[in-house]
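Fold and contact review
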Amino acid sequence: MTTHGLARLDGGRQPMLRRLVPVVALLFLAPWAAECSWGGFAGTDMLLVVVVLAPMYGGAAVLIREAARRTGGGWPMIVLLAAGFGVVQAGLVDQSLFNPDYLADTEFAELSAADRTRVPVLGISAQEAISFLGNHVALTICAPIAIVESYLSPARRLRPWLRAPGLAAMTVVYLLGSLLVFADDSGRKGFLASPGQLIGATSVVLALVVVAALPRWRRRPVPAPTGAPRPFRPGLLVFLVYLGVAMLSGWIGVAVSVVAVTALVGVLVRWSGRSGWGQGHVLASAAGALVGAAVLAYLVPPYSPASPTQALLSDVIVSLLAAAVLTGAYARLRRHDGSAPAHKC
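Because the structure is predicted, anything quoted here is derived from the model rather than measured.

Overview of the packing of aromatic side chains
- Enumeration over the complete set of coordinates arrives at three aromatic pairs.
- Between the aromatic rings of tyrosine 57 and phenylalanine 85, the centroid separation amounts to 6.2 Å while the plane-to-plane angle is 75°, which identifies the pairing as edge-to-face. Separated by 28 residues along the polypeptide, tyrosine 57 in helix α3 (residues 46–71) and phenylalanine 85 in helix α4 (residues 74–93) bring together distant segments of the chain. Residue tyrosine 57 shares its accessibility class with phenylalanine 85, and that shared class is buried.
- Its guanidinium or amino end placed over the ring of tryptophan 161, arginine 65 lies 3.7 Å from that ring's centre, counting from NZ or CZ.

Quick look at the side chain of arginine 274
- Positionally, arginine 274 belongs in strand β4 (residues 274–275).
- Buried arginine 274, no salt bridge; nearest opposite-charge side chain is glutamate 149, N-O distance 21 Å.
- Those residues in contact with arginine 274 that lie beyond four places of it in its chain are Pro223, Ala224, Thr226, Gly227, Ala228 and Pro229.

Some thoughts on the pattern of salt bridges
- A full pass over the atoms with the stated rule returns four salt bridges.
- Its salt-bridge partner being arginine 65, residue glutamate 149 comes within 2.8 Å of it at the nearest N-O pair. One end of the pair, glutamate 149, is in helix α5 (residues 126–150); the other, arginine 65, is in helix α3, and 84 residues separate them in sequence. Both residues of the pair, glutamate 149 and arginine 65, belong to the buried class.
- Note that arginine 70 is salt-bridged to glutamate 66, the shortest N-O span being 3.6 Å. With a gap of four residues between them, arginine 70 and glutamate 66 both fall in helix α3, about one helical turn apart.

Looking at the confidence of the model for the chain
- The pLDDT averaged across the chain works out to 88; a share of 90% of its residues lies at or above 70.
- Taken as a whole, residues 1–12 scores under 50 in pLDDT and shows 33 contacts with residues more than four places along the chain or in a different chain.
- Within the model, pLDDT remains below 50 along residues 338–343, and this stretch shows 21 contacts once partners closer than five positions in the same chain are excluded.

Focus on a nonpolar patch on the surface
- On the surface, Met247, Val291, Val295, Tyr298, Leu299, Leu312, Val316 and Leu320 cluster together into a nonpolar patch covering about 700 Å² of accessible area.
- Residue assignment for the nonpolar patch shows that the elements contributing at least two residues are α12 (279–297) and α13 (308–335).
- The biggest single contributor to the nonpolar patch is α13, with three residues.
- Its place among the elements puts valine 291 in helix α12.

Some thoughts on the nonpolar core
- Of all hydrophobic cores here, the largest spans 70 residues; its most connected members are Trp32, Ile78, Ile141 and Ile147.
- Mapped onto this core, the elements with two or more residues apiece are α2 (16–36), α3, α4, α5, α7 (164–183), α9 (195–212), α12 and α13.
- In this structure, isoleucine 78 is in contact with Ile64, Ala68, Arg69, Ile141, Cys142 and Ile145, ignoring residues within four places of it in sequence.
- The next biggest cluster of nonpolar side chains, apart from the first, holds 14 residues, and it includes Leu139, Tyr242, Leu243 and Leu264.

Criteria and thresholds
As a convention, each chain's residues are numbered from 1 in the sequence order in which they are written. Whole-chain, interface and lining totals are the exception, using all residues; otherwise, since this is a predicted model, local features are given only for residues with pLDDT of at least 70 and side-chain atom pairs are given and counted only at 80 or more. As a rule here, side-chain values come from all non-hydrogen atoms in the structure, and water together with hydrogens is ignored. The rule is short: rings of Phe, Tyr and Trp, with Trp giving its six-membered ring, pair when the centres are within 6.5 Å, and they are stacked under 30 degrees, edge-to-face over 60, tilted in between. Helix and strand labels come from DSSP, where a helix needs a run of H or I of at least four residues and a strand needs a run of E of at least two; each type is numbered from the N terminus. When accessible area is computed with a 1.4 Å probe and restricted to protein chains, residues below 20% of their type maximum are described as buried, those above 50% as exposed, and intermediate ones as partly exposed. Definition used: whenever NZ (Lys) or CZ (Arg) falls within 6 Å of the ring centre and also within 35 degrees of the ring normal, the charge is taken to sit over that ring. Residues scored as positive are Lys and Arg, those scored as negative are Asp and Glu, and His as well as the terminal groups of each chain are ignored. Should a side-chain nitrogen of Lys or Arg be within 4 Å of a carboxyl oxygen of Asp or Glu, the pair is scored as a salt bridge. We call two residues contacting when some pair of their heavy atoms lies within 4.5 Å. Values of pLDDT, ranging from 0 to 100, describe the predictor's confidence in every residue of the model. Within this analysis, patches are made of residues with over 30% relative accessible area and no salt bridge. Like charges are joined at 9 Å or less; nonpolar side chains (Val, Leu, Ile, Met, Phe, Trp, Tyr) at 5 Å or less. For the accessible areas, the method is Shrake-Rupley and the probe is 1.4 Å, while residue cover comes only from the protein chains on display. Here, nonpolar core refers to any group of buried Ala, Val, Leu, Ile, Met, Phe, Trp, Tyr and Cys residues whose side-chain atoms link them within 4.5 Å.

In structure tokens:
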């Protein structure tokens, strides 16, 4: 049976504990990557942040990964659903996409140039939209999935991890986690998006889900005869784009960010269609985003005030954790003797 065929199996023949280990790993890695990897919280707060946000961020990552692996949609489906999740999270749950005062009581209040790129008709900041949605795609969903899957054998990497009851339970966990965040008025500061904004965000989410469900993502074209580059190249490219976009501001920054991200996606799609592209390239791309976030931690403050010593210590903790997670993933990948080709991922 091919690896692609294994992706459609239920995975139920494996012991429950063996199937749940990667689920738990993804549940906790997703919130850490989303909120802590770029220095958003002090080291002493990271554990609490991860535990509180695991149901929402981790639940979404698990459900998106299961949807893609069960249907054979692969990474195109994961990326599209990740974008949909970003709109749900920032537009419907914490509503940070529309709330002009969302960062008002944080250390980013005076640093943010978001108001200069605010679109009055939509009520959003173009700069914040790129930042919030881009981070959800790269750090909340894609990087954690790529890293956790790299710890597994090629066959297990593409199999579903949960049965129907597990999927139902994870859906409930995600919904309750999202409700908890929405109900926390200290986050929204009493803000509620207008009906038009909610309808617009919902429409975008539905459109992304429809595109993600297209049959074309389940077709695996024959790889181009040109060989894929070494994994270092996509990793470096993702790192440079991630860090560059994070440091840009204003309308010029928005324009450059859109061009840079579009070019990055185009290059990665082209490279992934070549022979020899595999999990090593996927992991390198994820590492580029995570390492970029870890570097960014030294350049931006955490949400809450912290002394220089506390901030530096937290940034070092982030670096050590990122290095440990990625080193372990690379070691496991080498142990499993490479990766599955891209057209089967």
